[in-house]
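Here is how the chains run, residue by residue.
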Amino acid sequence: MDKIAIISDIHGNLEALKSVLEDIREKNISKIFCLGDIIAKGTHQQECVNLIKQNCEAIIKGNCDEYFTSDIDLSTKSKQEVNRIAWNKSKLTEDNIEFLKNLPYCYEFYMSGRLVRIFHATPEKINDFVGNIDNIDRLYKLFLPSKNTISNKKADIAVYGHIHTPFIQRIYNRTIINTGSVGNSIDVFRNSKKDGNVKNTTVANYLIITGILDSKNIDEKISYELVSIPYNLDKELNDNIKDNIEFKSYEEEIRKGKYRDMTKIYKSFALRGINIDKI
Ligand SMILES: [Mn+2]
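We now turn to the structure provided with this report. Keep in mind that this is a model prediction, so the values were computed, not measured. (Residues numbered from 1 in each chain as written. Predicted model: local features only at pLDDT ≥ 70, side-chain atom pairs only at ≥ 80, totals over all residues. Heavy atoms only, no water.)

### Brief notes about the pattern of salt bridges
Turning to step 1, where the next piece is worked out: As enumerated under the stated definition, the model contains 21 salt bridges in all.
Turning to step 2, where the next piece is worked out: A salt bridge links Lys41 to Glu253; the nearest nitrogen and oxygen atoms lie 3.3 Å apart. Here the residue Lys41 occupies a position in the loop between strand S2 (31-34) and helix H2 (45-55), and Glu253 occupies one in helix H8 (residues 247-256), the gap between them amounting to 212 residues. Exposure class is identical for Lys41 and Glu253. Each is buried.
Turning to step 3, where the next piece is worked out: The salt bridge partner of Arg84 is Glu246, with a shortest N-O separation of 4.0 Å. Here Glu246 lies in the loop between helix H7 (233-241) and H8 and Arg84 lies in helix H4 (residues 79-90), a separation of 162 residues in the sequence.
Turning to step 4, where the next piece is worked out: A single salt-bridge network, built from bridges that share partners, covers Lys41, Glu81, Arg84, Glu246, Glu253 and Arg260. (Salt bridge = Lys/Arg side-chain N within 4 Å of Asp/Glu carboxyl O. Helix = DSSP H or I, 4+ residues; strand = E, 2+ residues; numbered from the N terminus. Buried < 20%, exposed > 50% of the residue type's maximum accessible area, 1.4 Å probe, protein only.)

Structure below.
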């Protein structure tokens, strides 16, 4: 059997990435795929890009990789956003900016007869938010081909990142998997009376698929594993404390798994008739 690892949303968190790569090495995994958002938020962006380049078979572009490496019209941005862009860009060499700019949108392969399509957010858009309790039409669209996909087939297994919360869901004889995030794990469904132990969330998450790589025989075995790895978040935060211009919101995400801009999340769910608890 072949084991492959799929990792996503590192967001400049070096301690989390190192712990995940160590776990992957111990498990005899043959290939690692990365779904993007290597940069933004944490201070170790350069180190993370270099490690991903050295270790990954295929690397897909995330919305942050796109945003912070493109030529943004700064005249339309707030002072705060201009500073945020400048800080993030200052963390990368020209070479790595060029590298991130040229990443592909999508990658496909077969595993135990299933067509696996991997992308950052959706096959259509690099920054759409399809949540784990989203409606069935939005979930189904994750299987559909688009102008960005390699083939025109519907996927049997759609794997994505971006939402920073891992889950596995089966609809229409097909499987959706979210890898979760390596360096910025969050849970947007929060309520102080209902919340469990925060350490269920504030770990480095990634996915392992075990099966026969490149086989088109659907009668082969396949399994999916969501892995949670503790990492040294005190050390990572220490490296950020003096340097990170958004340290407070970064710390809130890393220590408590609370997303910095919940207003945006409430709005996007409300638009499709889903109400979630307010933190
Ligand atoms: Mn993202």
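From this point, the narrative continues.
### A word on the sheet that holds strand S1 (residues 2-7)
Turning to step 1, where the next piece is worked out: If you walk across this open sheet you meet the five strands as S3-S2-S1-S9-S10, and the pairing is mixed. A single partner strand is all that each edge strand has here, and the edge strands are strand S3 (58-59) and strand S10 (223-229).
Turning to step 2, where the next piece is worked out: Of the strands in this sheet, S1, S2, strand S9 (204-211) and S10 are in contact with helix H1 (residues 14-26), which crosses S9 at around 25°. (Pairing = 2+ DSSP bridges. Contact = heavy atoms within 4.5 Å. Axes fitted to C-alpha atoms, helices over the stretch in contact; angles between N-to-C directions.)

### Structural notes on the coordination of the manganese ion
Turning to step 1, where the next piece is worked out: Only Asp37 (OD), Asn63 (OD1), His120 (NE2) and His162 (ND1) from the protein coordinate the manganese ion, and they sit 2.1 to 2.3 Å from it.
Turning to step 2, where the next piece is worked out: Binding-site remark: the manganese ion is held by donors from one chain whose sequence spacing is D-x25-N-x56-H-x41-H. Note that Asp37 is positioned in the loop between S2 and H2 and His162 in the loop between strand S6 (157-160) and strand S7 (167-171), a separation of 125 residues in sequence.
Turning to step 3, where the next piece is worked out: Of the residues examined, Asp37 reaches a relative accessible area of 1% and is grouped as buried.
Turning to step 4, where the next piece is worked out: In this structure His162 comes out as buried when scored by relative accessible area, which is 13%. (Donors = N, O, S within 2.8 Å, 3.2 Å for Na, K, Ca; no water.)

### Notes on the pairing of strand S5 (residues 114-119)
Turning to step 1, where the next piece is worked out: Most of S5 is tucked away: six of the six residues are buried.
Turning to step 2, where the next piece is worked out: Alternating residues of S5 divide into Arg114, Val116 and Ile118 and Leu115, Arg117 and Phe119, and every residue in both groups is buried.
Turning to step 3, where the next piece is worked out: Of the strand pairs in this sheet, strand S4 (residues 106-111) and S5 are connected by six bridges, and their pairing is antiparallel. Of the residues in S5, the one forming a bridge with Tyr107 is Ile118.
Turning to step 4, where the next piece is worked out: The turn linking S4 back onto S5 is made up of two residues, and Ser112 within it adopts a positive phi angle of 45°.
Turning to step 5, where the next piece is worked out: In terms of strand pairing, S5 meets S6 through three bridges, oriented parallel. From the neighbouring strand, Ile118 faces S6, where its bridge partner is Val159.

### Section: the environment of Ile7
Turning to step 1, where the next piece is worked out: Checked against the element boundaries, Ile7 lands in strand S1.
Turning to step 2, where the next piece is worked out: Taking relative accessible area as the criterion, Ile7 reaches 0% and is therefore assigned buried.
Turning to step 3, where the next piece is worked out: Sequence separation of Ile7 and Asp239 is 232 residues, and the distance between their C-alpha atoms is 23 Å.
Turning to step 4, where the next piece is worked out: Ignoring sequence-local partners within four residues, the contact set of Ile7 consists of Leu17, Val20, Ile24, Ile32, Phe33, Cys34, Leu35, Ile52, Cys56, Val182 and Tyr206.

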